[in-house]
Every structure is written in structure tokens, then in C-alpha cells.
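# Descriptive analysis of the structure
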Amino acid sequence: MKNSFSLKAGGLLMTAFGIILVSGSAGGVTFAADTLPAGFKSGALAPEPSADMIEAGKRVYFTKCVWCHGVDGGGDGPGADRLWPRPRNFNQGTFKIRHTASGELPLFDAKKPVAGQNDLFETVTHGLPGSAMPPWEGILTEEQRLQVLSFVTTQLVKDRKFTDTKSESQTILQLADLKPIAASEESLKKGAELIVEKKCVECHGMEGRGDGNAFNLKDDWGFSIQPANWHKCWNFRGSRQDPYNVTNIFRTFSTGVNGTPMPSFADNTSVEERWHIANFVNSLCEREADGKPLQIDPLADKPKINFVLSAGVVEGEISADPENEMWTKRARRFVAMGGQITHKPRNFVNRIDDIWVKALYNDQNLVFMFQWDDRTKSAAEGKLPWAPTSVNIDVKEQDPKTGEEGSIAMHQNNYTVYNDAIAVETAVKWKELPSPIKPRYLFGSNEQFPMDILKWEADGSLRAFKGTGWDKDFEERFNYEENIKVLHSEWKNGRWTVMIQRPLGNKKDQDYDEDTFFEMGQYIPTVFFAWDGHNGDAGRKMAVSAFYYTFLEPPTPKEAYIYPVVIAAGVVLLEGWVLVRRSNRRKEKKAL
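Quick caveat: nothing in here was measured; it's all calculated off a predicted structure.

### Examining helix 7 (residues 246-255)
The buried count for helix 7 comes to 9 of 10 residues, which makes it a mostly enclosed element. For helix 7, the set of buried residues is Val246, Asn248, Ile249, Phe250, Arg251, Thr252, Phe253, Ser254 and Thr255. One or two steps after helix 7, the chain reaches Gly256, where phi turns positive at roughly 75°.

### What about helix 8 (residues 271-284)?
A rise of 1.5 Å per residue sets the reference length of helix 8, with its 14 residues, at 20 Å; its end C-alpha atoms lie 21 Å apart and thus fit the reference within 8%. The buried fraction of helix 8 amounts to 12 of the 14 residues, a majority that puts the element mostly inside the structure. Along helix 8, the residues that are buried comprise Val271, Arg274, Trp275, His276, Ile277, Ala278, Asn279, Phe280, Val281, Asn282, Ser283 and Leu284.

### Quick look at the packing of aromatic side chains
Taken as a whole, this structure holds 22 aromatic pairs when the rule is applied. Put simply, the rings of Phe307, Phe368, Phe370, Phe528 and Tyr548 touch in pairs and so form one group of aromatic residues. We note Arg477 situated over the ring of Tyr480; from NZ or CZ to the ring centre the distance is 4.7 Å. The ring of Tyr415 carries Lys541 above its face, with NZ or CZ at 4.9 Å from the centroid.

### Here's the deal with the environment of Asn347
Position of Asn347 relative to the elements: it lies in the loop between strand 7 (338-339) and strand 8 (354-361). You can call Asn347 buried: its relative accessible area is 1%. Spatially, the C-alpha atoms of Asn347 and Met542 are 6.0 Å apart, while their sequence positions differ by 195 residues. Here Asn535 takes part through its side chain, which lies 3.3 Å from a polar atom of the side chain of Asn347.

### A few points about the nonpolar core
Core analysis: the biggest nonpolar cluster contains 52 residues, and Ile355, Phe370, Trp372, Ile422, Trp456, Phe528 and Phe529 have the highest contact counts within it. Per-element tally for this core: the top contributor is strand 16 (residues 523-531), with 6 residues. Here Trp372 is in contact with Ile352, Asp354, Ile355, Ala421, Ile422, Trp456, Gly494, Arg495, Trp496 and Val498, once residues within four sequence places are set aside. Counting residues in hydrophobic clusters, the runner-up holds 35 residues, among them Val196, Val201, Val271 and Phe280.

### Observations regarding the pattern of salt bridges
According to the stated counting rule, one finds 26 salt bridges in the structure shown. Among the salt bridges present, the one from Arg495 reaches Glu286, with a minimum N-O distance of 3.3 Å. With Arg495 in strand 15 (residues 495-503) and Glu286 in the loop between helix 8 and strand 3 (296-297), this pair connects stretches of sequence that are 209 residues apart. Just as Arg495 is buried, Glu286 falls in that class too. Overlapping salt bridges bring together Glu207, Arg209, Glu286, Arg332, Asp373 and Arg495 as one network.

### Quick notes on the confidence of the model for the protein chain
Here the protein chain averages 89 in pLDDT, while 90% of its residues score no lower than 70. For the stretch residues 1-7, pLDDT sits under 50, and the model shows 27 contacts to residues farther than four places along the chain or on other chains. Confidence drops under a pLDDT of 50 for residues 17-31, and excluding neighbours within four residues, the segment shows 33 contacts in the predicted structure.

### Describing the packing of helix 7 against helix 8
Where helix 7 contacts helix 8, the two axes come as close as 8 Å, and the packing angle between them is 125°. As judged from the angle between their axes, helix 7 and helix 8 are oblique. Of the two possible hands of crossing, helix 7 and helix 8 adopt the one that is right-handed. Between helix 7, through Val246, Thr247, Ile249, Phe250, Phe253 and Ser254, and helix 8, the contact on the second element is made entirely by Val271, Arg274, Trp275, Ile277, Ala278, Asn279, Val281 and Asn282. A breakdown of the residues in the contact of helix 7 with helix 8 according to their chemical character gives 9 nonpolar, 4 polar and 1 charged.

### Section: the side chain of Arg251
Inspection of the secondary structure puts Arg251 in helix 7. Of the side chains with opposite charge, Asp119 comes closest to the buried, unpaired Arg251, at an N-O distance of 6.3 Å. Those residues in contact with Arg251, other than ones at most four positions away along the chain, are Ile97, Arg98, His99, Leu173, Leu175, Gly238, Arg240 and Gly256.

### A closer look at unusual backbone geometry
Cis peptide bonds are those with omega within 30 degrees of zero, and the linkage from Trp84 to Pro85 qualifies with 5°. Residue position: Pro85 is located in the loop between helix 2 (51-69) and helix 3 (119-126). Lys344 connects to Pro345 through a cis peptide bond whose omega is -10°. One can find Pro345 in the loop between strand 7 and strand 8. Backbone geometry places Asp301, a non-glycine residue, at a positive phi of 55°. Inspection of the secondary structure puts Asp301 in the loop between strand 3 and strand 4 (302-303). A residue is classified by how much of its surface remains accessible, and Asp301, at 12% relative accessible area, is buried.

Reading the values: the criteria
- Residues numbered from 1 in each chain as written.
- Predicted model: local features only at pLDDT ≥ 70, side-chain atom pairs only at ≥ 80, totals over all residues.
- Heavy atoms only, no water.
- Buried < 20%, exposed > 50% of the residue type's maximum accessible area, 1.4 Å probe, protein only.
- Helix = DSSP H or I, 4+ residues; strand = E, 2+ residues; numbered from the N terminus.
- Expected span 1.5 Å × (residues − 1).
- Phe/Tyr/Trp six-rings, centres within 6.5 Å; stacked < 30°, edge-to-face > 60°.
- Lys NZ or Arg CZ within 6 Å of the ring centre and 35° of its normal.
- Polar contact = N/O pair within 3.5 Å; in protein donor to acceptor, adjacent residues only side chain to side chain.
- Core = buried A, V, L, I, M, F, W, Y, C linked by side-chain atoms within 4.5 Å.
- Contact = heavy atoms within 4.5 Å.
- Salt bridge = Lys/Arg side-chain N within 4 Å of Asp/Glu carboxyl O.
- pLDDT = per-residue confidence, 0-100.
- Axes fitted to C-alpha atoms, helices over the stretch in contact; angles between N-to-C directions.
- Parallel < 35°, antiparallel > 145°, perpendicular 65-115°, else oblique.
- Left-handed = near helix turned anticlockwise from the far one by under 90°.
- Nonpolar A, V, L, I, M, F, W, Y, C, P; charged D, E, K, R; others polar.
- Lys, Arg positive; Asp, Glu negative; His and termini not counted.

Quick look at the structure:
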């Protein structure tokens, strides 16, 4: 849900796309030595760190960093092959998040950890959200962070030198001196027009979900790379753990992201235009219903989680239109998803990291509405080589070999394409579970505590299964499938919307060895699964949530609507009586 600005943003973007004649292309920054981009000033290179700092940093590096970045800083440590995007290769001196002009080295001074003046220090401090690079604040002291960077910049950056005044320069974006432009409707409209004019939509997509050019882009090392999803600002690499801060976006558009296809716009836009672009992009990020930013968990750098999924009650039929008022006014729940890495085939690269869920129920049915971002609509070509009930399927797990050639990053976008899919799993005998025991999150524990699973796939199928363990194939419940229904399924501009209807259940008509009975006012253990077909997801290679709880809200008693009216009427009558009495007293005094 968006605020008033961002609700209009999609319309602004579509309008801009229709009225602007796009010409030219967005390239990297090129400018004469005596002409600086707007908003930049020349700066001096920092002095080389002391030998003591470098030696101390070496010890920190080989304790904490070598596992991903490698012995020689080539981004090829023993853990690197499981990661996408790959850890940074330091050797070329190419760094993404900077305050310096495109192509330049980032700011680093071993003696000056000042915000906005020490790019590498801030990266190590805050990490790079949306990647495997964690924040090291609280793990490494400030001195240790400066020490390890002293080692990296002097010993592991081999093709360039941070102190080489002949070939290196510092052209620094003066963010502190550039006053942001307020995110007015006029600013958002201009930003929407500019991202079309500058061809941002060709990569980031018509609604900014990163689906414009999702599978053809590569970084400077030849690895697959995907455009940022502007609706998930908490995943912006340079968010500095402050995702809704528009200055972070302004900085990225001003400096570009070295080593990637994302260019700097400093040479072909004004400072004012970049603020308009930043305002528009910022307006697209997910927000609360009242327009306020989502609360971010400081430990996960993701939106905070509420594990209770409340289903609202409605009278009559539940609408199959996601834009119907009963749905648009319904609160949604953020569900965090992680790659299934417990059992083969493991999913180390999880492209679906969250889904949004709403739920409504009436006297007969419960409807889940799922929405999740997926850059490509994926459907398997031809018949799948396994039965729908198969869990132990032949999906090749990534070879655990060291070296870029065999890495996950090198294999991305080359997987066999299967169906995009979503599933919801609920505990069948949830009333019999001894607290705080729950069935195993992955398809249940055994026959004693089975799971009720509904799975939708992009081929249009919706099936009901019984799960009795992570290594057991499903049992398909053909009779129950007559009672479930897909109300809506659509992929549009990088987002799936799927609505699944199922019976609430009642003890008279259903078999509670297989079917979940949804009882009002109770907390029913629930797990969600998602498969990205272009990621080769199938079977146990998928994204999975922790346990959430589906809760059917009790209907509001009629008295709750009647009593306020009666009380209000009583207050009006009482006030009227008091006023009349005062008036009569005044008249009596005048008569005397």
C-alpha cells in the first residue's frame, strides 16, 4: 500500500511513457578535466595508511573476510560459489557505492571515519542489503574496520592505487550542500517523465519492479545481474540501513554503480532533475496504508514481521477482483521468505524473498490473496517429467566446487524453466498439537501430524495435497479439489497476484485426518512456499517461510454499531436539556 504520492506514481509513469518520445541513451559520465558535473567538487586523495594499520588489517581480513572475498581478494573465497551476487573482486578497484564520479575510486581515509566522506568504511559498517555482505558494526570495532580497509585498499586492489595522483582523481558529490526538493505531486510527475526519458524503464520496468531487462544484463566480471526493484528500497545496496532516505537514491543516480550496467546521470541531468527522479523512485517503495514507511527490523534490514495473519469477515460472496473495496481496504501481511537449504536440492539463491498476503472469509469459504514480485512469468514448456505429487524429484543441486566457472553466479539464468508456483500449508490436527510443538515446517512430520497443502502453479492448476514429511511424496486429495478454486491469477509488470478459495470446513462434512478446520478466533499454524520457475525451482528447491498463524477475526457484534448511536443521541439530548435549563434560569433572573 502506498501514500497518496505513490498511488499516483504508477499512473504518472504510464502517462509519461505514452507522451514522451524517447531518444538517445543513458551512458556513463564523461566530462572534460576542467568541467565538473553539477553538484560535484574536486577533492584530494587521502594519504596511504600506516604500515601498522595495514598489518593489523591483514589479521582482520584473514579472520573475517577471506571466506567470501578470497586469499588474494579476487571474490573467490570458499563461500563465494554459493552466493549471488558474487562477493566483490577487489583486484580491479571497482566499487559500487560511492560519493565519487563514475569510474573513480571510492572515498577512504584510514584516519577519518566521517559519514559521507568515507565510502568504504560506511559499506563495511552498514553492509550491502540485498546481498550476502553483512553489517560489521558491533562485530568489528571502528578501528578494526579502518584497519581491514587499509589492508584491502593497499594490498588487494592491484590494478589501481588510491594514492596515485597521476592517474586517479576524486570528484566528490557534495550531498551535504545539495538541498533536497520536496516530494510534491509536481516533483513526482517530473520524476515519472524523466525515468522514461532517460530510459530507466527499459531495465527497471514499467512499474519499477526490475522486470524490464531481467535476464540479459551482466556485470564487469561476466556474471548475471538484475536491475533493482524500486518497490523494495530495503534491498538497495547503498541504502546505508536507511532505506527511505531519498538522498541515497539521489547519490546512486548521480554517481552510478561501478561494475554494473547502472550508469551515472550526472552528465545528462541537472541536480534538480535528479531530485525529481529520486523522489519518484522513493515514492514507489512499499508503505503502510497511511503512507508511512514500513518499520524496518534493525537486525534483518527487512520490514518487521507480524506472525499473525488476520482474515477479515465479510457477508455474502467474496470478490474475485483484487481491486474491489473489500480487498483494497483489507490490511496485508508481509511474509519473509528464505531459500530452503536444509535438504537437497537446496535453494541457495532465493529470488522470492517476500510475499504479501491478505485473507477474507465468509460463512463457507476462506480466500487467500497472494502478491509477490517475480521479474518473469515462468511456465514449463511441455509436460513435467514428474508427477504433481512428487517431492523427491531430480533437480540438480549446484556442484560445491571452488572457482568462478562452477559457481552459482555463473549458472544463473541458465536453469531449466519450471512453473512459477505458490502454496499454503496448514496444520490439520492443530488442536491436538501439544504446545508449543508444531509439525515440521517442511511438509509436516508424519502421519500423526499431517499438513494440508494447497498448491497453485503458473500452468493454471490448483491441487490439494496431504504432506507427511519432508522426504515423502504428497498424497493428492482428488475429492477435496472439487471444493477449492482459483478466483484470480495474473502476472503483470513483474508481479503475481493469485487468489485461492478453500472451504472453512466443518466437523460434519469434512475428514479431519486430511483437511484443516478453520475455527474463528483460533491461531492455525500456517507456512507459505513459493517457486520461481526461471530459477529452476521445483520440488524442494523453493522459497519457504517460517510458521505464521492464520486467525479468523470474529465478526463485530451489531451492538457495537448500535451503542455508539444511542450514546451519541443521549449526549445530544443531555446537552440540549442543559442548554434549555440555563436559558430558563437566565429568563428567571431577568424577571426578578
